[in-house]
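The residues making up each chain are set out below.
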Amino acid sequence: MSRLFYVIGNPIEHSLSPVIHAAFAQKTGLDIFYEKRLFDVKDFAGQLRRLLASEPVCGANVTVPFKREAYQVCTTISERARLAGAVNTLSFQKDGGVFGDNTDGIGFVNDLKRLYGGKLSEARVLLLGAGGAARGLLAVLPTCVRAVTVANRTEAKAFDLAAAFGVCASSLEDAKNGTWEIVVNATSASLSGAVPAVDPGVFARSQLCYDLMYARTATPFMQAAQSAGCPNVYDGLGMLVEQAAESFQLWNEIRPPVESVLAALRAPH
Ligand code: NDP
């Protein structure tokens, strides 16, 4: 019988995770069933309890807006999930225990390692945003790079987050005076066609700009970075596949191939 997995969110229709996990399963020869599951925004824990009572689910990915609620239902969590305060990967154990992990940060770093030509440990990173995705990145990123500075539209959130993770903070306005090799957009601004209000000179002086959002065409942030002259501009599809690979490995104890699955997703169809 296939091992059963879900990705839970609201909305969930747009999720590419079933396609990614099906490709991983095909390439590793494993028999898994992985599908989307829409949960009502109210009572994540209750809906999860009923799902587990009715189906033999091995694991689940959790996406917007449930990563905090997923954290609450865990009986044990990884250190990086504890730091992030959010869980995107649940493993259901035979004794009823629930292990929670957060693979967003390591997924992002793995993608960055592939994309950044320089020495990542020497790079300074400007992290735009102070929401859930920024927290996930901060649970892993500071140990992999030279320095991280957080900047956010609501300034106080950036300063609070930076203090919690022992990194620097800046206002978006003051960022115009700084230089960072890597600029990361961990805001949801691209969803509304907006770009965080950073001086274009910040993009121009950087080596790499990365939008966590992904789309068939360049996001508004990617367009702004390209127009300013940043030589390397990427979306977050690689991070999505990398974080999925981490979850797949955790559940199935086998590392799936990332490059070929990512290339297939990027191919025009
Ligand atoms: P949250 O809602 O938790 O946080 C949103 C953040 O974006 C806040 O810092 C908010 O600032 C900022 N923001 C929103 N609109 C604007 C704007 N117009 N200008 C400037 N800042 C803005 O979202 P998440 O952190 O969960 O997600 C952020 C993004 O990351 C999403 O696009 C999501 O799709 C993407 N993501 C991608 C992943 C991947 O695998 N590629 C994984 C996880 C997330 P303020 O505090 O001022 O409101």
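This text gives an overview of the structure that appears in the document. All of these numbers come straight from a predicted model, not from anything done at the bench. (Residues numbered from 1 in each chain as written. Predicted model: local features only at pLDDT ≥ 70, side-chain atom pairs only at ≥ 80, totals over all residues. Heavy atoms only, no water.)

As for the packing of helix H1 (residues 17-28) against helix H10 (residues 237-252)
Each pair of packed helices can be described by the angle between their axes along with the distance between the axes. Note the following rule: Between N-to-C directions, angles cover 0 to 180 degrees, with each direction set by a line fitted to C-alpha atoms, over the stretch in contact for helices. To qualify as a helix, a DSSP run of H or I must reach at least 4 residues; to qualify as a strand, a run of E must reach at least 2; elements of each kind are numbered from the N terminus. Here roughly perpendicular refers to angles of 65 to 115 degrees, roughly parallel to angles under 35, roughly antiparallel to angles over 145, and oblique to all remaining angles. In this scheme the handedness of a crossing depends on how the near helix is turned from the far one: anticlockwise by less than a right angle means left-handed, clockwise means right-handed. The contact rule is simple, with two residues in contact once any of their heavy atoms fall within 4.5 Å. Put simply, Ala, Val, Leu, Ile, Met, Phe, Trp, Tyr, Cys and Pro go in the nonpolar bin, Asp, Glu, Lys and Arg in the charged bin, and everything else, Gly too, in the polar bin.
At a closest axis distance of 10 Å, the pairing of H1 and H10 adopts a crossing angle of 55°. The angle between the axes of H1 and H10 places the two elements in the oblique class. Regarding H1 and H10, the two cross each other, and that crossing is right-handed. From H1, Ile20, His21, Phe24, Ala25 and Thr28 reach across to H10, where they touch Leu240, Val241, Ala244, Ala245, Ser247, Phe248 and Trp251. Among the residues making up the contact of H1 with H10, the classes are represented as nine nonpolar, three polar and no charged.

Some remarks on the pairing of strand S1 (residues 3-9)
Spelled out, the test is: Summary of the burial criterion: residues with accessible area below 20% of their type's maximum are buried, those above 50% are exposed, and those between are partly exposed, where the area comes from a 1.4 Å probe applied to protein chains only. Strand pairing follows a simple DSSP-based rule, namely that at least 2 bridges must link the two strands. Orienting the strands away from the viewer, one traces the path from the first strand over the helix to the second; a clockwise path indicates a right-handed crossover.
Most of S1 sits inside the fold, with six of its seven residues counted as buried. Pairing between S1 and strand S2 (residues 32-38): seven bridges, direction parallel. Residue pairing for S2: Ile8 is matched across the bridge by Arg37. For the crossover from S1 across H1 to S2, the handedness is right-handed. In this sheet, strand S3 (residues 57-62) lies alongside S1 in parallel orientation, the contact comprising five bridges. In the sheet register, Phe5 faces S3, and the bridge partner there is Gly59.

Points about the pattern of salt bridges
Where we set the bar: A pairing counts as a salt bridge when a side-chain nitrogen of Lys or Arg comes within 4 Å of a carboxyl oxygen of Asp or Glu.
Enumeration according to the criterion identifies 14 salt bridges in this entry. In this structure, Glu13 and Lys36 form a salt bridge, with 3.5 Å as the shortest nitrogen-oxygen distance. Of this pair, Glu13 sits in the loop between S1 and H1 while Lys36 sits in strand S2, placing them 23 residues apart in sequence. Assessed through its relative accessible area of 62%, Glu13 is described here as exposed.

Re the sheet that holds strand S7 (residues 124-128)
One open sheet holds the six strands; their spatial order is S9-S8-S7-S10-S11-S12, and the pairing between them is parallel. Whereas interior strands pair on both sides, the edge strands pair on one side only; in this sheet they are strand S9 (168-170) and strand S12 (233-234). Bridge count between strand S10 (residues 182-185) and strand S11 (residues 208-211): four bridges; the pairing is parallel. Looking at S11, one finds that Val183 is bridged to Cys209. The strands touched by helix H7 (residues 155-165) within the sheet are strand S8 (147-151) and S9, with S9 carrying the most contacts at an inclination of about 175°.

Things to note about the site of the ligand
Spelled out, the test is: Any residue with a non-hydrogen atom lying within 4 Å of a molecule or strand is treated as near it. In the analysis that follows, any N or O atom pair within 3.5 Å is treated as a polar contact, provided that within protein one partner can donate a hydrogen and the other can accept it, and provided that, for residues neighboring in sequence, both atoms belong to side chains. What sets the accessible areas is the Shrake-Rupley method with a 1.4 Å probe; for residues, cover comes only from the shown protein chains.
Neighbouring the ligand are 20 residues, the closest being Ala133, Asn152, Thr154, Lys157 and Leu212. For the ligand, an oxygen atom lies 2.7 Å from a polar atom in the backbone of Ala133. Coverage of the ligand by the protein chains reaches 78% of its 940 Å² of free accessible surface. Of all the elements in the fold, those that place two or more residues in the shell around the ligand are helix H6 (132-138) and H10. Of the residues in the shell around the ligand, the class split is nine nonpolar, eight polar and three charged.

Quick look at the packing of aromatic side chains
The condition that has to hold: Pairing of aromatic rings covers Phe, Tyr and Trp, the last counted by its six-membered ring, and requires centre-to-centre distances within 6.5 Å; plane angles under 30 degrees mean stacked, over 60 mean edge-to-face, and any other angle means tilted.
Within the structure shown, the criterion is met by eight aromatic pairs. Consider the rings of Tyr34 and Trp251, whose centres lie 6.4 Å apart with planes at 50°: the pair is tilted. A residue pair is termed long-range when its members are at least 10 positions apart, and Tyr34 in strand S2 and Trp251 in helix H10 qualify at 217 residues. Owing to a relative accessible area of 7%, Trp251 belongs among the buried residues under this scheme. Ring plane angle 90° and centroid distance 5.3 Å describe the contact between Phe203 and Phe221, whose orientation is recorded as edge-to-face. One end of the pair, Phe203, is in helix H8 (residues 200-205); the other, Phe221, is in helix H9 (residues 220-228), and 18 residues separate them in sequence. Of the two residues, Phe203 and Phe221, both sit in the buried class.

Things to note about the nonpolar core
Rule in force here: Take the buried Ala, Val, Leu, Ile, Met, Phe, Trp, Tyr and Cys residues and link them wherever side-chain atoms come within 4.5 Å; each set so joined is a nonpolar core.
Judged by nonpolar contacts, the single largest core of 33 residues is most densely connected at Phe108, Leu127 and Ile182. Excluding its chain neighbours within four sequence positions, the residues that come into contact with Ile182 are Leu112, Tyr116, Leu120, Ala123, Arg124, Val125, Leu126 and Leu208. Among the nonpolar cores identified, the runner-up in size contains 21 residues, and Val7, Ile32, Tyr34 and Leu262 belong to it.

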